[in-house]
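# Examination of the molecular architecture
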Amino acid sequence: MNIAETMQSLYANYGELEGITIECQNELLAIGIQNTAAKAEIFLQGAQISQYQRHNEEPVLWLSKACVYQNGSPLRGGIPICWPWFGDINKNPQAVQSPFTEDKLKTLSAHGFIRERNWEVNAIQTPTDNITIIELRYQIFAEQEPLWPFATDLIYRIEIGEQLKASLTIKNLDSMPFNYSCALHSYFAIDHINHARIKGFDQSDYIDTLADWSQYIQKGDILFNNEVDRIYQSAPEAIQLIDNNREIHIKSTGSNSTVIWNPWVDKAKRLSQFNAEDYQKMLCIETANIMDDVVYLEPSEAHSLTVIIS
Ligand code: TA6
């Protein structure tokens, strides 16, 4: 369906629901959600949550003002979904690289392709006046997707309320097993990077992708005074992002790896849809299944990766 037909179908199915709006921003369609607890916005492209904000509070997620809202350009910010591989495919375990030929591996862009695909809205429910549930789906049939040879069902269930809960379930519909790495690549809005710290990773092992992927052990809180791009091989029960004026709590299930990233000054200048000073106002805490934590699914098996932000 083209954008007009999709818009019509969304209006027909969900337009009457309390607090639901169908929005068109440049080339992209989004669902606006408002209830007594919070407001949010989710783009069909990549099932990307772009905004989540509780009433009378600052936005929880950061979204670049330089977004172009064009087909094929995932928004810079919110929660992009990275699947069926995280980061550089060539830095992934062999099991994740195995479906691709040597030549193909040279051409694949970072973070997989699912954040560039238009998902379908499966359901929108407003069970109470302070909770809205939206479920998006992307089905891959055998031989359909040049970048992924396996029949796969992706279901993304998002709960908007006093907390934000996002749960990505991947089901193997194929006759062959497969491996994947993935992440819910959450961009958090902060007052200033110089005052931000992350609690919960003390004594955790991490890989520093900026220091030849060497292994280190975290000592105390994670502070920021330069570019940080680390893969923690843990998903602590309680991660706290402490900023000048608030604490954001992040919990996860189905994950045992977490990426912490701030581009700082130099990388900020190289990033698309990102203004030079933006590194001061954002911080990524990414709930992942990567490195030692990649997922293996036999036919008809499923795995869910969930983040709860409060
Ligand atoms: O998660 C950290 C990271 O892998 C960084 O290295 C940086 O590349 C970031 O993701 C954003 O990647 P993107 O492809 O969205 O520009």
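Given the structure is predicted, the values throughout are model-derived calculations rather than measurements. (Residues numbered from 1 in each chain as written. Predicted model: local features only at pLDDT ≥ 70, side-chain atom pairs only at ≥ 80, totals over all residues. Heavy atoms only, no water.)

### Focus on empty space enclosed by the protein
To be explicit about the condition: We place a 1 Å grid over just the protein atoms. Points where a 1.4 Å probe fits but has no way out form a cavity, open points with protein on both sides within 12 Å along at least 5 of 7 lines form a pocket, and any residue with an atom within 4 Å of a point lines it. Grid points are joined across faces, edges and corners, and a volume is the space filled by probe spheres set on the points. Three residue categories are used. Nonpolar comprises Ala, Val, Leu, Ile, Met, Phe, Trp, Tyr, Cys and Pro, charged comprises Asp, Glu, Lys and Arg, and polar comprises the others, including Gly.
For the coordinates displayed, the defined rule picks out one cavity of 30 Å³ or more. Empty space within the largest cavity amounts to approximately 30 Å³. Along the walls of the largest cavity sit A235, I239, I250, S252, S255, T258 and T287, which together make up its complete lining. Class assignment for the residues of the lining of the largest cavity results in three nonpolar, four polar and no charged.

### Re the packing of aromatic side chains
Inclusion rule: Two aromatic rings from Phe, Tyr or Trp, using only the six-membered ring of Trp, form a pair when their centres are within 6.5 Å; if the ring planes differ by under 30 degrees the pair is stacked, by over 60 it is edge-to-face, and anything between is tilted. Strands are runs of DSSP state E lasting at least two residues, helices are runs of H or I lasting at least four, and both sets are numbered from the N terminus onward. Under the scheme applied here, a residue whose accessible area is under 20% of the maximum for its type counts as buried, over 50% as exposed, and between as partly exposed, the area being computed with a 1.4 Å probe on protein chains only.
This structure, assessed with the given rule, holds 19 aromatic pairs. Considering the side-chain rings of W148 and F178, the 5.0 Å spacing of their centres and the 70 degrees angle between planes classify their relative orientation as edge-to-face. Of this pair, W148 sits in the loop between β7 (131-140) and β8 (152-160) while F178 is found in strand β10 (residues 178-180), placing the two residues 30 residues apart along the sequence. By the burial criterion, W148 is buried, and F178 matches it. The structure contains a cluster of three or more aromatic residues connected by ring pairs, namely W83, W85, F100, F113, W148, F150, F178 and Y180.

### Concerning the nonpolar core
Put simply, the rule is: Grouping buried Ala, Val, Leu, Ile, Met, Phe, Trp, Tyr and Cys residues that are joined through side-chain atoms within 4.5 Å yields what is termed a nonpolar core. Note on contacts: a residue pair qualifies if any of its non-hydrogen atoms lie within 4.5 Å across the two residues.
I31, W83, W119, L136, Y156 and I198 are the most contacted members of the largest nonpolar core, which totals 84 residues. Filtering out sequence-adjacent residues up to four positions away, L136 remains in contact with I42, L44, A47, W119, E120, V121, N122, L154, I155, Y156 and I158. If you look at the next biggest cluster of nonpolar residues, it comprises nine residues, including F86, V259, A288 and I290.

### Concerning the layout of surface pockets
Each pocket or cavity is described by its volume, and for the largest pocket that value is around 640 Å³. Taken together, 28 residues form the lining of the largest pocket, with G87, A110, H111, H185 and K267 sitting closest to its centre.

### As for the sheet that holds strand β9 (residues 164-172)
We count it as follows: Strands are treated as partners if at least two bridges between them are detected by DSSP.
Read from one edge to the other, the open sheet built from nine strands follows the order β6-β7-β8-β9-β23-β19-β18-β13-β16, with strand pairing classed as antiparallel. The open sheet has two edge strands with one neighbour each: β6 (120-128) and β16 (222-223). Pairing between β7 and β8: nine bridges, direction antiparallel. Bridged to L136 within β8 is Y156.

### Observations concerning the pattern of salt bridges
The condition that has to hold: Salt bridge criterion: a side-chain nitrogen from Lys or Arg within 4 Å of a carboxyl oxygen from Asp or Glu.
Tallied over the full model, the rule gives nine salt bridges. Residues E162 and R54 are paired through a salt bridge, measuring 3.8 Å at the closest nitrogen-oxygen approach. Taken together, the positions of E162 in the loop between β8 and β9 and R54 in strand β4 (residues 48-54) put the pair 108 residues apart, joining distant regions of the chain. By relative accessible area, E162 is classed as partly exposed at 44%. Here K251 ties to E237 by a salt bridge, and the two come within 3.6 Å at their closest N and O atoms. Residue K251 is located in strand β19 (residues 247-253), and its partner E237 is located in the loop between β17 (228-232) and β18 (239-242); the two are separated by 14 residues in the primary sequence. Because the salt bridges share partners, they merge into one network encompassing R54, E57 and E162.

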